[in-house]
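Descriptive analysis of the structure
Listed below, chain by chain, are the residues.
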2 protein chains.
Amino acid sequence: MKNQLANIILFHRKRSGLTQLELAELAGVGKNMIYELENGKQSVRLDNLINVLRVLNINITFQSPLRESFLKEYPDADC
Amino acid sequence: MKNQLANIILFHRKRSGLTQLELAELAGVGKNMIYELENGKQSVRLDNLINVLRVLNINITFQSPLRESFLKEYPDADC
DNA sequence: CCATATTTCCCTGTTAAGTGGGGAATATGT
DNA sequence: ACATATTCCCCACTTAACAGGGAAATATGG
């Protein structure tokens, strides 16, 4: 149970029937990156992570109390 | 409108009344990182981004159809 | 309008992220 | 039990993320 992200990636990759190598190639990253991601490495590059998550159909979102109340007041803001 | 993340960070930093330099020091990153984040740089390190978001009280979450249906079936899984 | 704060965008050196190769360890399935 | 697939984890090399200095451009506010 290294961290949340590692488990999410492992779970989705297994469900997709992909090997680490196949996922790496689909995401355009090195094979070691998948291994490191699944083992809790935090110092990966964001764009690489996003490419991996895209293959696995995982969405990354950002939430905060401030943002949610702001978007409720100004629904078209999108910022 | 470079990207979503850049706008979120800028919006929250302004609301916090912090300068780029102050946010950088609180997050333990270089001053240039804040500038680059707010200008849409995608190749930043995830741990640095997380440190910045923590200061701004912004949460990262991961969502997928697979994950949501899975957690609905097995509420205690947490993976 | 002026002084000051802040942001933008150069630059340079350092450091570690990322890569592919490769081989040992482990898992898978027949 | 065996062959094969996959994962784990080491290595060395390349490259760019990062920090921090600095200076011009821009924003702020008194």
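Below or above, wherever it landed, is the structure these notes cover. (Residues numbered from 1 in each chain as written. Chains lettered and ligands numbered in written order. Predicted model: local features only at pLDDT ≥ 70, side-chain atom pairs only at ≥ 80, totals over all residues. Heavy atoms only, no water.)

1. Thoughts on the protein's contact with DNA strand C
- In the region of DNA strand C, 19 residues are neighbours, and Gly30(A), Asn32(A), Arg45(A), Arg13(B) and Tyr35(B) sit closest.
- The sugar-phosphate portion of DNA strand C accounts for 73% of its atoms within 4 Å of the protein, the bases making up the rest.
- A distance of 3.1 Å is found between a base oxygen of DNA strand C and a side-chain nitrogen or oxygen belonging to Lys31(A).
- Here a base nitrogen of DNA strand C and a side-chain polar atom of Asn32(B) are 3.2 Å apart. (Near = heavy atom within 4 Å. Polar contact = N/O pair within 3.5 Å; in protein donor to acceptor, adjacent residues only side chain to side chain.)

2. Here's the deal with the relation of the copies chain B and chain A
- The operation relating chain B to chain A is a screw motion whose rotation component is 180 degrees, with 0.0 Å of axial translation and a residual RMSD of 0.0 Å. Taken together, the turn and the small shift mark the pair as related by a two-fold rotation axis. Nearest to the rotation axis, the C-alpha of Arg45(B) is located 2.2 Å from it, this being the minimum over chain B.
- Both copies share a contact surface, since 100% of the interface residues of chain B are interface residues in chain A too. (Least-squares fit on C-alpha atoms with pLDDT ≥ 70 in both. Contact = heavy atoms within 4.5 Å.)

3. Looking at the protein's contact with DNA strand D
- Near DNA strand D lie 19 residues; those nearest to it are Arg13(A), Tyr35(A), Gly30(B), Asn32(B) and Arg45(B).
- Backbone atoms, meaning sugar and phosphate, form 75% of the atoms of DNA strand D found within 4 Å of the protein.
- In this structure, a phosphate oxygen belonging to DNA strand D sits 2.5 Å away from a side-chain N or O atom of Arg13(A).
- Contact between DNA strand D and Asn32(A): a base nitrogen at 3.3 Å from a side-chain N or O atom of the residue.

4. Side note on the pattern of salt bridges
- One pass over the full model with this rule turns up six salt bridges over all chains.
- A salt bridge links Arg13(A) to Glu38(A), with the nearest nitrogen and oxygen atoms 2.5 Å apart. Separated by 25 residues along the polypeptide, Arg13(A) in helix 1 (residues 4–16) and Glu38(A) in the loop between helix 3 (31–37) and helix 4 (46–55) bring together distant segments of the chain.
- Judged by relative accessible area, Arg13(A) falls into the buried class, the value being 5%.
- By relative accessible area, Glu38(A) is classed as buried at 11%.
- A salt bridge links Glu36(B) to Lys41(B); its shortest N-O distance comes to 3.5 Å. (Salt bridge = Lys/Arg side-chain N within 4 Å of Asp/Glu carboxyl O. Helix = DSSP H or I, 4+ residues; strand = E, 2+ residues; numbered from the N terminus. Buried < 20%, exposed > 50% of the residue type's maximum accessible area, 1.4 Å probe, protein only.)

5. Describing the interface of chain B and chain A
- Opposite the 30 residues of chain B that make contact, chain A presents 30 residues.
- Both faces considered, chain B and chain A share a buried interface measuring about 3000 Å² in area, 65% of it formed by carbon and sulfur atoms.
- Linking chain B with chain A are nine residue pairs in polar contact (both at pLDDT 80 or more).
- Every element with two or more residues in the side of chain B that touches chain A is listed here: helix 1 (4–16), helix 4 (46–55), strand 1 (59–63) and helix 5 (65–73) of chain B.
- The biggest single contributor to the side of chain B that touches chain A is helix 1 of chain B, with seven residues.
- Among the residues making up the side of chain B that touches chain A, the classes are represented as 15 nonpolar, ten polar and five charged.
- Sheet topology places strand 1 (residues 59–63) of chain A next to strand 1 of chain B; five bridges connect them, and they run antiparallel. For Phe62(A), the partnering residue across the bridge sits in strand 1 of chain B and is Ile60(B). (Buried area = accessible area lost by both parts, 1.4 Å probe. Nonpolar A, V, L, I, M, F, W, Y, C, P; charged D, E, K, R; others polar. Pairing = 2+ DSSP bridges.)

6. What about the packing of helix 2 (residues 20–27) of chain B against helix 4 of chain B?
Residues and elements named next belong to chain B.
- Look at helix 2 against helix 4: their axes get within 9 Å of each other, and the N-to-C directions meet at 110 degrees. The pairing of helix 2 with helix 4 is recorded here as roughly perpendicular in orientation. By crossing handedness, the relation of helix 2 to helix 4 is classed as right-handed. The segment helix 2 lies against helix 4, with Leu-23, Leu-26 and Ala-27 engaging Asn-51, Val-52 and Val-55. (Axes fitted to C-alpha atoms, helices over the stretch in contact; angles between N-to-C directions. Parallel < 35°, antiparallel > 145°, perpendicular 65-115°, else oblique. Left-handed = near helix turned anticlockwise from the far one by under 90°.)

Geometry only, nothing functional implied.
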